[in-house]
Amino acid sequence: MRSVHSSRAAGIAQAFFALAALTAFGAPAFADVFTLRNGMQLTGSPGKISKMGEAAVAADSGGLESKPILLVDDDLRRYFFPMVQLQTVAASPAAPPHGISIRQKTAPAAARRIAGVGDIIEVTNFDETGRRRFRMRSSKGPVDIYQGITEITPLYTKLESLQGQSDVSWDSRIATSSLPRDLIRQVVYRNIDVTNFDDRQRLVRLFLAADRYYDALVELEAMAKDFPEHEDLKDQVVAVKQAAARKLVDEVAQRRDAGQHETVKKIASGFPTEGVAGETLLRLSEMVQAYQKDAERRELVLSSLKTRIAAVEEADARTRLENLLAELEADLRTESLPRLADYLRLEGDESLKDHEKIALAVTGWIFGSGEGVNDFELALSALQVRDLVREYLRAADLLTRTTALDEIQRREASRPEYVAKILRAITPPLDLPEQVQGKPGLYALPTPVTAEVTMSYVIQLPPEYDPYRKYPCVVTLGAAGVPPEKQIEWWAGGYDQAGTMRMGQAARNGYIVIAPQYLAEGRGDYEFSALEHAAVVNALRDACCRVSIDTDRVFLSGHSQGATAAWDIAIAHPDLWAGVLPIVPLSHRFITRYAKNAEYMPMYFVTGQLDGDKMTVNGNDFNHYLRNTKHDILIAEYRGRGHESFHDEIQQFFVWMKLHRRDPFPKEFKVATQRPWDNAFWYVEAVALPEQNMIDPFNFPERIFPQAAVIEGKIISDSSLTASASGKNPIVCLAPEMIDFSKRIEINGRPVAVVPDLGLMLEDARLRADRQHPFWAKVEAPRR
């Protein structure tokens, strides 16, 4: 006879098998999993097209070469991308979905189908029956359409126009994740027999398939009370609790990876342990133990350095080291501790003298993780140079900068390779102002755009921001009339009940969000102008001087008019961004003229199927991108939707952004330009672009366009490259990631004298604010 314990374990095991079956619920029928070359995965039903707007053919049909565009339809939206970007296809392990149908009196099939969705005036909240009013503009004035929820699946919720309220037929989809549990429960309860066990299980399955374990748990616990005869519900509760615990530990790991260590400790200290699997608790325990080890390492560093520094005989050196020790006591923590890795590794090595160990700590702290050296004099010099570099970067006047540079050059650690390490490791040199009152982590700052014009931007820091960590960043541009703070809220969410932390995806994933004022005062339309470009680029550069941004992971985005601006600015300055994410943009003017540049810019567009003629207007550029083998492009088109903000897509955005990094020194590029201020691309700067190739944004031609100027560069080897630009010989900017400064350098097949210039390096770091990749030298490219 089995023991009660083994019987219970068997019951829980059976519940887990049931749970696995329940969660295989959410993929569309006949779904496949498509993995792109960039690592992005999409699940849905495939089709092939040769251009946007045509009917899709089955993905397994012939004529592959004539159908270069692949689409993946998950019934919420259709994703489009170049066929050549597909890496693998695998059958989804999930079963076809079985959503819950909701009874509504929908418009008859013979009703006029809605052809386009106008500008949204108001959308009411859903009532308990799953209905809402959608008010939009039309050529005849405001129009009210009443929608009702007719189906809820784990991925999408289907909305249809209602009979008697609207004279049109309209089928649209929204993400089920956007609906709260209480609303789903109310709507579903009105459409099932709540006294029927199987009907109630359907709701549980829905929540489980949507990874909403807490919602499923609430429903299961209610069922356990309503159906006491079903003893297996207790085991299902245990199984779902364990699944919820695993999901919570995943969230803890997400927060840890985002640098939110105090949040992790707080969650871990109150983590529910009852009924949670040992392996889940072990994973959490390992995270906590890692923090405990960090605390022990911190104490070892501080106590051992304090003893060693106290024994330094030379008074001036000891004073400088004691100042560093005070800095370590204030700033040494989980994010910055890796800088002391060399010291911790060799702290007990008896073959090293105490002053050599001090040097390892000092140079590791100043130069960065893995850069420690045991040269005591160099370490003392590095301390001084670090402070002088900070003084240089902070100085607004030329005299202070010149004096600081002279002081740096007299010291041993002034060699370019040392200063480059200092620049990468130094914390942001400029201060932040006082944060906006009552809004933690939010700052408003002015941005000088020209000598006469100052604009502004707001910046939101993620929870537990630490200047010793490099953060990814989103620069976001709003639609006309939308204040920058609203753009911040779209990405970072609103504050929690305590008002201490934002709860959106940017906060969760540890992203800095910047929202510039980019339209000139009194202007309602984006004008493709130098002023607008400068407002966005200067806001980013000012922010990089004040907060710790990973300049290889800066993404540009925007909504509506801001999406058009983001699209234009991204392909006009592709060297600045890791990717661009325009939401309902409109392609015109320079966007089309700069189509060639787009192959160097990863792009993720979101559109609405019924957003007027946007797909037609954007079609030429979209088709060009989708047919080009070099483009990393993804287009999401939402079914039955119009000109909206599409917050439904935000989680996919963060998956995509995690997979992308900027290449600061591409091996080869060839770009077009038709504005004189779009003159610098990566390591080539045009000196004077020919006027006959330029177009005035305020006098944009309607028909006949001048030929674009061309700027190109190619790194052939670590000692040879080519560079050219329309007009005069361009300037080539050089860095050790491109060339070996110890070798004889050739540009355009001719030898050039290249000498690293410390003053140029510091000025480049000050002005471009890319301290991760400063240029060491600049030379004029000889004519080919």
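Please read all numbers here as calculations on a predicted model, not as lab measurements.

*Asks:* What is the right way to read the overall build of the protein from this model?
*Replies:* Along its length, the protein carries 21 helices and 31 strands. Rg of the C-alpha trace for the protein: 30 Å, near the compact-globule value of 28 Å for 784 residues, within the 12% margin. Evaluated residue by residue, the protein yields a buried proportion of 54% over its 784 residues. Here the contacts in the protein between residues at least 6 apart in sequence split such that 66% fall between residues at least 24 apart. Taken as a whole, the protein presents about 34,700 Å² of accessible surface, with 49% of it coming from carbon and sulfur. Looking at the protein, you have 94 positive and 106 negative side-chain charges, and the mean spots of the two groups are 3 Å apart.

*Asks:* So what exactly am I meant to see when it comes to the sheet that holds strand E26 (residues 709-717) here?
*Replies:* Hydrogen bonds between backbone groups are what pair the strands of a sheet, and the pairing can be parallel or antiparallel. Strand order in this open sheet of 5 strands is E23-E26-E27-E29-E30, and the pairing throughout is mixed. Of all strands in the sheet, those with a lone pairing partner are strand E23 (668-673) and strand E30 (750-752), marking the two edges. Neighbouring strand axes in the sheet, compared pairwise and without regard to direction, differ in orientation by 25° on average.

*Asks:* How should I be thinking about unusual backbone geometry in this particular structure?
*Replies:* In terms of backbone geometry, most residues other than glycine have negative phi values and most peptide bonds are trans. Of note, the phi angle at Val 584 is positive, near 50°, even though the residue is not glycine. Along the chain, the position of Val 584 falls in the loop between strand E20 (579-583) and helix H18 (590-593). Residue class for Val 584 comes out buried when judged on its relative accessible area of 3%. A positive phi angle, near 55°, is found at Arg 589, a position not held by glycine. For Arg 589, a relative accessible area of 29% corresponds to the partly exposed category.

*Asks:* Hey, could you run me through the packing of aromatic side chains in this one?
*Replies:* For any pair of aromatic rings, geometry is given as the distance between the ring centres together with the angle between the planes. If you walk through the whole model with that rule in mind, you get 30 aromatic pairs. Aromatic side chains Trp 491 and Phe 653 sit 5.8 Å apart centroid to centroid with 20° between the ring planes, which places their arrangement in the stacked category. Separated by 162 residues along the polypeptide, Trp 491 in helix H14 (residues 484-492) and Phe 653 in helix H20 (residues 650-658) bring together distant segments of the chain. For Trp 491, a relative accessible area of 0% corresponds to the buried category. Of the aromatic side chains, those joined through ring pairs into one cluster are Trp 490, Trp 491, Tyr 511, Phe 555, Tyr 604, Phe 653, Phe 654 and Trp 656. Over the ring of Tyr 471 we find Arg 469, and its NZ or CZ is 5.5 Å from the ring centre.

*Asks:* What is the right way to read the pattern of salt bridges from this model?
*Replies:* Oppositely charged side chains can pair when the atoms bearing their charge come close. Inspection of the entire model under this criterion finds 55 salt bridges. For Lys 158, the salt bridge goes to Glu 160, with nearest N and O atoms at 4.0 Å. Overall, the relative accessible area of 19% leaves Lys 158 in the buried class. Classification of Glu 160 by relative accessible area gives partly exposed; the value is 22%. Through salt bridges with shared partners, one network takes in Glu 122, Arg 133, Arg 135 and Asp 144.

*Asks:* In this structure, what is going on with the layout of surface pockets? I would like to understand it.
*Replies:* Over the atoms rolls a probe the size of a water molecule, and its path tells where empty space is left. As a volume, the second largest pocket reaches approximately 670 Å³. For the second largest pocket, the lining is made up of 20 residues, of which Val 482, Trp 490, His 559, Glu 644 and Ser 645 are closest to its centre. Ranked by residue count, the leading element in the lining of the second largest pocket is H14, at 4 residues. For the lining of the second largest pocket, the class distribution of residues is 5 nonpolar, 10 polar and 5 charged.

*Asks:* How do you make sense of the pairing of strand E28 (residues 731-734) when you look at a structure like this?
*Replies:* Looking down a regular strand, the side chains alternate between one sheet face and the other. By the bridge criterion, 2 bridges tie strand E25 (residues 684-685) to E28 in an arrangement that is antiparallel. What sits directly across from Val 684, in E28, is Val 732. One ladder, built from 4 bridges, connects E28 with strand E31 (residues 777-780); its direction is antiparallel. Across the sheet, residue Ile 731 finds its bridge partner in E31, namely Glu 780.

*Asks:* Quick question: what am I supposed to make of the confidence of the model for the protein here?
*Replies:* Caution applies to low-pLDDT regions: their predicted coordinates should not be interpreted in detail. Averaged over all residues, the pLDDT of the protein is 91; the fraction at 70 or higher stands at 94%. Taken together, the stretch residues 1-29 has pLDDT below 50 and engages in 53 contacts with residues farther than four places along the chain or on a different chain.

*Asks:* What should I look at first to understand empty space enclosed by the protein in this one?
*Replies:* The full count for this structure, using the stated rule, is 6 cavities of 30 Å³ or more. When its volume is computed, the largest cavity comes out at roughly 120 Å³. Lining of the largest cavity is provided by Leu 540, Arg 541, Cys 544, Thr 551, Val 554, Leu 576, Arg 662, Arg 768, Ala 769 and Asp 770. Of all the secondary-structure elements, those providing two or more residues to the lining of the largest cavity are helix H16 (530-546) and strand E19 (549-559). By residue number, the principal contributor to the lining of the largest cavity is H16, which donates 3 residues. Considering only residue class, the lining of the largest cavity consists of 5 nonpolar, 1 polar and 4 charged. Around the second largest cavity, the lining residues are Leu 423, Lys 470, Cys 544, Ser 548, Ile 549, Thr 551, Ala 769, Arg 771 and Gln 772. Counted by class, the lining of the second largest cavity contains 4 nonpolar, 3 polar and 2 charged residues.

*Asks:* Sorry, what's going on with helix H12 (residues 398-409) here?
*Replies:* Structurally, the α-helix is built with 3.6 residues per turn, so residues lying three or four positions apart point the same way. Over its 12 residues, H12 extends 16 Å from the first C-alpha to the last, a length consistent with the 16 Å expected when each residue adds 1.5 Å. Among the residues making up H12, those that are buried are Arg 401, Ala 404, Leu 405 and Ile 408. The buried residues of H12 occupy an angular sector of 100° when projected down its axis, which confines them to one face. Packing partners of the buried residues in H12 comprise helix H11 (376-394) and helix H21 (758-768).

*Asks:* Sorry, what's going on with the sheet that holds E25 here?
*Replies:* The antiparallel open sheet is built from 4 strands, whose spatial order is E24-E25-E28-E31. Of all the strands in the sheet, the pair left with one neighbour each is strand E24 (680-681) and E31.

*Asks:* Help me out: how do you make sense of the side chain of Gln 201 in this one?
*Replies:* Among the structural elements, Gln 201 can be located in helix H3 (residues 197-209). Among all residues touching Gln 201, those that are not within four sequence positions of it are Leu 220, Met 223 and Gln 236.

*Asks:* Even after reading the chapter, I still don't get the environment of Ser 92, so can you show me in this structure?
*Replies:* For Ser 92, the location among the structural elements is in the loop between strand E6 (86-91) and strand E7 (100-101). In this structure Ser 92 comes out as buried when scored by relative accessible area, which is 16%.

*Asks:* For this particular structure, what's the right way to read the packing of helix H7 (residues 278-310) against helix H10 (residues 354-367)?
*Replies:* Where H7 meets H10, the closest approach of the two axes is 10 Å, and the angle between their N-to-C directions is 130°. Relative to H10, the element H7 lies oblique. The crossing of H7 and H10 is left-handed. Along its contact with H7, which presents Leu 305, Arg 308 and Ile 309, the element H10 presents Asp 354, Lys 357, Ile 358 and Ala 361. Broken down by class, the residue content of the contact of H7 with H10 amounts to 4 nonpolar, no polar and 3 charged.

*Asks:* Would you mind going over the side chain of Arg 200 with me for this structure?
*Replies:* Structurally, Arg 200 can be placed in helix H3. With residues near it in sequence (within four places) discarded, Arg 200 still touches Tyr 189, Ile 192, Val 194, Glu 219, Ala 222, Met 223, Asp 226 and Phe 227.

*Asks:* I tried to follow the environment of Thr 334 on my own but got confused; where do I start?
*Replies:* By the element assignment, Thr 334 lies in the loop between helix H8 (315-331) and helix H9 (341-346). Each C-alpha atom, one on Thr 334 and one on Val 752, is 46 Å from the other, the two residues being 418 residues apart in sequence. Excluding anything up to four places from it in sequence, Thr 334 contacts His 261, Tyr 291 and Asp 294. In terms of polar contacts, Thr 334 uses its side chain to reach the side chain of Asp 294, at 3.2 Å.

Reading guide: rules and limits
Residues numbered from 1 in each chain as written. Predicted model: local features only at pLDDT ≥ 70, side-chain atom pairs only at ≥ 80, totals over all residues. Heavy atoms only, no water. Helix = DSSP H or I, 4+ residues; strand = E, 2+ residues; numbered from the N terminus. Rg over C-alpha atoms; globule rule 2.2 N^0.38 Å. Buried < 20%, exposed > 50% of the residue type's maximum accessible area, 1.4 Å probe, protein only. Contact = heavy atoms within 4.5 Å. Areas by Shrake-Rupley, 256 points an atom, 1.4 Å probe, with all protein chains shown as cover. Lys, Arg positive; Asp, Glu negative; His and termini not counted. Charge placed at Lys NZ, Arg CZ, Asp CG, Glu CD. Pairing = 2+ DSSP bridges. Axes fitted to C-alpha atoms, helices over the stretch in contact; angles between N-to-C directions. Phe/Tyr/Trp six-rings, centres within 6.5 Å; stacked < 30°, edge-to-face > 60°. Lys NZ or Arg CZ within 6 Å of the ring centre and 35° of its normal. Salt bridge = Lys/Arg side-chain N within 4 Å of Asp/Glu carboxyl O. 1 Å grid on protein atoms, 1.4 Å probe; cavity = no way out; pocket = protein on both sides within 12 Å on 5 of 7 lines; lining within 4 Å. Points joined across faces, edges and corners; volume = space filled by probe spheres on them. Nonpolar A, V, L, I, M, F, W, Y, C, P; charged D, E, K, R; others polar. pLDDT = per-residue confidence, 0-100. Expected span 1.5 Å × (residues − 1). Arc of directions from axis to C-beta. Parallel < 35°, antiparallel > 145°, perpendicular 65-115°, else oblique. Left-handed = near helix turned anticlockwise from the far one by under 90°. Polar contact = N/O pair within 3.5 Å; in protein donor to acceptor, adjacent residues only side chain to side chain.

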